[in-house]
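Close look at the chain arrangement
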Amino acid sequence: MLGRSRGGLTSKIHLAADRRCRPMALLLTAGQAADSPQFIPVLGKVRVRLPVGRPRTRPAAVAGDKAYSSRANRAHLRKRRIKAVIPEKKDQAANRRKKGSQGGRPVTHDTDLYRDRNTVERAINRMKDWRGIATRYDKTPESCLAGLHLRAATIWISGLLRSPLITTKDSP
């Protein structure tokens, strides 16, 4: 989607990635769309297929930056029993402290898991290694989204080819 912003017509990629920088789910919005409202729709698109049974849709933990720190996002994660690794914004902490005992408990997050948050940034950089995505040649949302899905597939395939689980045998 192309949206009007200060920089002109732009689009924004919202992405969920695993620890190996492989895209799990992505969403394309207009450039002026905020990050926080897109958190739940992107998380809803995460599906991990297993050999048997339904796809897994609930990760053990979700790491995000301060842009995703909202009550709605935290309540959604709490309801689904997913550990939130999202630091609290300074203004939210100040408002909570201002309310005193009515403000609730301070937000805690695992700093070791938070260090792995950069995997999403690295996944976006891997997506942008493809020239068509980096330069945003695509002018329609459909073609841009198709390019994103194609690049995500190539990232997954290249990861599978480098995997030690798959071995190739030289033919005699």
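Before reading further, recall that the structure is shown in the block above.
Keep in mind the model is a prediction, meaning the values are calculated, not measured. (Residues numbered from 1 in each chain as written. Predicted model: local features only at pLDDT ≥ 70, side-chain atom pairs only at ≥ 80, totals over all residues. Heavy atoms only, no water.)

Remarks on the overall build of the protein chain
A count of helices and strands for the protein chain gives 7 helices and 5 strands. When the helices and strands of the protein chain are listed from N to C terminus, the series reads β-β-β-α-β-α-β-α-α-α-α-α. Out of the 172 residues belonging to the protein chain, those deemed buried represent 33%. Sequence-distant contacts in the protein chain: of pairs separated by 6 or more residues, those separated by 24 or more amount to 45%. Of the roughly 11900 Å² that the protein chain leaves accessible, carbon and sulfur atoms contribute 54%. (Helix = DSSP H or I, 4+ residues; strand = E, 2+ residues; numbered from the N terminus. Buried < 20%, exposed > 50% of the residue type's maximum accessible area, 1.4 Å probe, protein only. Contact = heavy atoms within 4.5 Å. Areas by Shrake-Rupley, 256 points an atom, 1.4 Å probe, with all protein chains shown as cover.)

Section: empty space enclosed by the protein
Enumeration according to the criterion identifies 1 cavity of 30 Å³ or more in this entry. As a volume, the largest cavity reaches approximately 40 Å³. Every residue lining the largest cavity is listed: Ser-11, Ile-13, Leu-28, Ile-133, Arg-136, Cys-144 and Leu-148. Put simply, the parts of the chain that give the lining of the largest cavity at least two residues each are β2 (8-17) and α7 (141-161). Here the lining of the largest cavity is composed, by residue class, of 5 nonpolar, 1 polar and 1 charged. (1 Å grid on protein atoms, 1.4 Å probe; cavity = no way out; pocket = protein on both sides within 12 Å on 5 of 7 lines; lining within 4 Å. Points joined across faces, edges and corners; volume = space filled by probe spheres on them. Nonpolar A, V, L, I, M, F, W, Y, C, P; charged D, E, K, R; others polar.)

Focus on the pattern of salt bridges
Taken as a whole and assessed by the stated rule, the structure comprises 4 salt bridges. Put simply, Arg-22 and Asp-18 hold a salt bridge, and the shortest N to O gap is 2.7 Å. Overall, the relative accessible area of 15% leaves Arg-22 in the buried class. Overall, Asp-18 belongs to the buried group, its relative accessible area being 16%. (Salt bridge = Lys/Arg side-chain N within 4 Å of Asp/Glu carboxyl O.)

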